[in-house]
Amino acid sequence: MPNPLTDSDRYRKQSLCGVIGPAGQTRIEAASALLVGCGALGSVIADALVRAGIGKLRIVDRDFVEISNLQRQVLYDEQDVTDRLPKAVAAARKLRQVNSTILIEEFVDDIDADSIGRHGQGVDIILDGTDNFETRLLINDYALEQNIPWVNGACISTHGQVRTIIPGRTPCYRCLVPDLPEPGSVETCDTAGVLAPTVQVVAALQVVEAMKLLTGVYDREIPRLTVVDVWEGTLRRLSLGGLDSSRDCPACGGGERSYLRGDKGSRNVVLCGRNAVQLSPPTRGNMELDQLAARWSTLGEVQSNAYLTRLKLADQGLEITVFRDGRAIIQGTQEPAVARSVYARYVGT
């Protein structure tokens, strides 16, 4: 008698779609994907890929669940907030309940020039669930270097965009975004907010693009930039030109990999919509969280679990969350210099 949890009927209606078919479903089940970021876009992407039967999903996220996430980050609930769970851990727990037949790997880590090679090794596709230009430029460098296609997505307020980047076949991310925008030159979720339906539409389009890649549809189709506005109910598909238009691009035209080499980019990241700064030490370590919690016990309210330790300094309006690898998120400031000072004072140099 077939096991109801592993029976092929799980994907029957998906396979009935002519654009997928049994052969396409087989390819999806044999594929592996790296999801960078499991917040708003990432949680929707992860849920859809797992339900679609992706063979292996590797989730990398640097953050933990907060109450403000629940408005749009569909994998999380109030208990995850209470438990201060890292998003990667909470997401993997939920996803394994959805589909126990696939391999899910979760990593509480920051994607940077040092870690992206480790996390990206052996995957067929990369999906962008991030909220910042710097990480996308890094993904772009790595994808070009390793010849891995990736699906970029971004949203703010009621509008968003999606595009697929295939090394050697399409213009790359730096063709449109040559370098980091100047601070204050673009909208952020702090200033413009974001509607949950915007997230869900953009993430759904990213998953469709991933399915096209994994089932081989892009052997017959030219990717475009898709721009949506859920409030206005509009969708546009814009041609990005061919590779000839990329000859002057330093990345896909000139082979520059400045973000992958670590020449550009910062280890200090202001987190979108959080009034917080993430600090990453020059080398990753193995922080003794229990010892840190004991040191902090007389300073303020301390919460700790297997993944992180948090100190709330109510009189200063600060919260310090330290992860096992030594990374920290300092909430209550958007100034990297202030965050570094707080880290040095309460964690160490």
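Look above for the structure.
Residues numbered from 1 in each chain as written. Predicted model: local features only at pLDDT ≥ 70, side-chain atom pairs only at ≥ 80, totals over all residues. Heavy atoms only, no water.

K.L.:
In this structure, what is going on with the overall build of the protein? I would like to understand it.
P.N.:
Across its full length, the protein carries 13 helices and 14 strands. Against the globule reference of 20 Å for 349 residues, the protein gives a C-alpha radius of gyration of 21 Å, in line with a compact fold. Expressed as a percentage of the 349 residues in the protein, the buried residues total 51%. When the accessible surface of the protein is totalled, it reaches about 16,100 Å², and 51% of it is carbon and sulfur. Of the side chains in the protein, 38 bear a positive and 43 a negative charge, and the two mean positions are spaced by 3 Å. (Helix = DSSP H or I, 4+ residues; strand = E, 2+ residues; numbered from the N terminus. Rg over C-alpha atoms; globule rule 2.2 N^0.38 Å. Buried < 20%, exposed > 50% of the residue type's maximum accessible area, 1.4 Å probe, protein only. Areas by Shrake-Rupley, 256 points an atom, 1.4 Å probe, with all protein chains shown as cover. Lys, Arg positive; Asp, Glu negative; His and termini not counted. Charge placed at Lys NZ, Arg CZ, Asp CG, Glu CD.)

K.L.:
Just checking my understanding: could you explain the packing of aromatic side chains for this structure?
P.N.:
To describe a pair of aromatic rings, one takes the distance between the centres and the angle between the planes. Counted according to the given criterion, the structure contains two aromatic pairs. Geometrically, the ring pair formed by Phe-64 and Phe-323 is tilted, given 6.3 Å between the ring centres and 40° between the ring planes. Pair noted here: Phe-64 is in the loop between strand E2 (56-61) and helix H4 (78-82) and Phe-323 is in strand E13 (residues 318-323), with a separation of 259 residues, a long-range link. For Phe-64, a relative accessible area of 0% gives the class buried. Overall, the relative accessible area of 1% leaves Phe-323 in the buried class. Ring centres 5.8 Å apart and planes at 55° place the aromatic pair Trp-150 and Tyr-173 in the tilted group. (Phe/Tyr/Trp six-rings, centres within 6.5 Å; stacked < 30°, edge-to-face > 60°.)

K.L.:
Could you clarify how one ought to interpret the pattern of salt bridges in this entry?
P.N.:
Close approach of charged atoms lets side chains of opposite charge pair. Across all of its chains, the model carries 15 salt bridges by this definition. Where Asp-9 meets Arg-12, a salt bridge forms, and the shortest distance between an N and an O atom there is 2.9 Å. The partner of Arg-84 in a salt bridge is Glu-319, with the nearest N and O atoms 3.7 Å apart. With Arg-84 in the loop between H4 and helix H5 (87-98) and Glu-319 in strand E13, the pair connects residues that are 235 residues apart, well separated along the chain. Judged by its relative accessible area of 17%, Glu-319 falls in the buried class. Linked by salt bridges that have partners in common, Asp-77, Asp-80 and Lys-94 make up one network. (Salt bridge = Lys/Arg side-chain N within 4 Å of Asp/Glu carboxyl O.)

K.L.:
I would appreciate a short explanation of the side chain of Arg-163 in the present structure.
P.N.:
Within the fold, Arg-163 resides in strand E6 (residues 159-165). A polar contact of 3.2 Å, which involves the side chain of Arg-163, links it to the backbone oxygen of Tyr-173. Excluding its chain neighbours within four sequence positions, the residues that come into contact with Arg-163 are Trp-150, Val-151, Asn-152, Pro-171, Cys-172, Tyr-173, Leu-176, Arg-224, Leu-225 and Leu-240. (Polar contact = N/O pair within 3.5 Å; in protein donor to acceptor, adjacent residues only side chain to side chain. Contact = heavy atoms within 4.5 Å.)

K.L.:
What is the right way to look at the pairing of strand E10 (residues 276-279) in this model?
P.N.:
Regular strands place side chains that alternate from one sheet face to the opposite one. Across the two faces of E10 the burial is the same, with Ala-276 and Gln-278 and Val-277 and Leu-279 all buried. In this structure, strand E9 (residues 268-271) lies alongside E10, joined through four bridges in antiparallel fashion. Considered in E10, the bridge of Leu-271 is made with Ala-276. (Pairing = 2+ DSSP bridges.)

K.L.:
Is there a simple way to think about the environment of Leu-176 in this case?
P.N.:
With respect to the helices, strands and loops of the structure, Leu-176 is situated in helix H8 (residues 173-176). With a relative accessible area of 45%, Leu-176 lands in the partly exposed category. Distance from Leu-176 to Thr-298, taken between C-alpha atoms, is 51 Å for residues 122 residues apart in sequence. If we skip the residues at most four places from it in the chain, Leu-176 touches Arg-163, Leu-225 and Leu-240.

K.L.:
Help me understand the sheet that holds E10, please; the structure alone is not making it clear to me.
P.N.:
Across a sheet, strands are paired by hydrogen bonds formed along the backbone, either parallel or antiparallel in direction. The strand order across the open sheet built from six strands is E9-E10-E14-E13-E12-E11, with neighbouring strands paired in antiparallel fashion. In the strand order of this sheet, the two ends are held by E9 and strand E11 (301-304), each with one partner. Geometrically, the sheet is characterised by an average inter-axis angle of 15° between neighbouring strands, direction not taken into account. Contacts from helix H12 (residues 289-296) reach E11, strand E12 (308-313) and E13, with the element oriented near 15° to E12. (Axes fitted to C-alpha atoms, helices over the stretch in contact; angles between N-to-C directions.)

K.L.:
Would you mind showing me how to read the sheet that holds strand E7 (residues 225-229) here?
P.N.:
The eight strands are arranged E3-E2-E1-E4-E5-E6-E7-E8 in an open sheet whose pairing can be described as mixed. Bordering the open sheet on either side are strand E3 (103-108) and strand E8 (234-238), each of which pairs with just one other strand. Within the sheet, the average angular offset between the axes of one strand and its neighbour, ignoring direction, is 15°. Of the pairings in the sheet, the one linking E7 to E8 comprises five bridges and is antiparallel in character. When the bridges of E8 are listed, Val-227 appears paired with Arg-236. Where helix H7 (residues 133-146) meets the sheet, its contacts fall on strand E1 (32-36), strand E4 (125-128), strand E5 (150-156) and E6, and the angle it forms with E5 comes to roughly 170°.

Read these as geometric descriptors, not functional statements.
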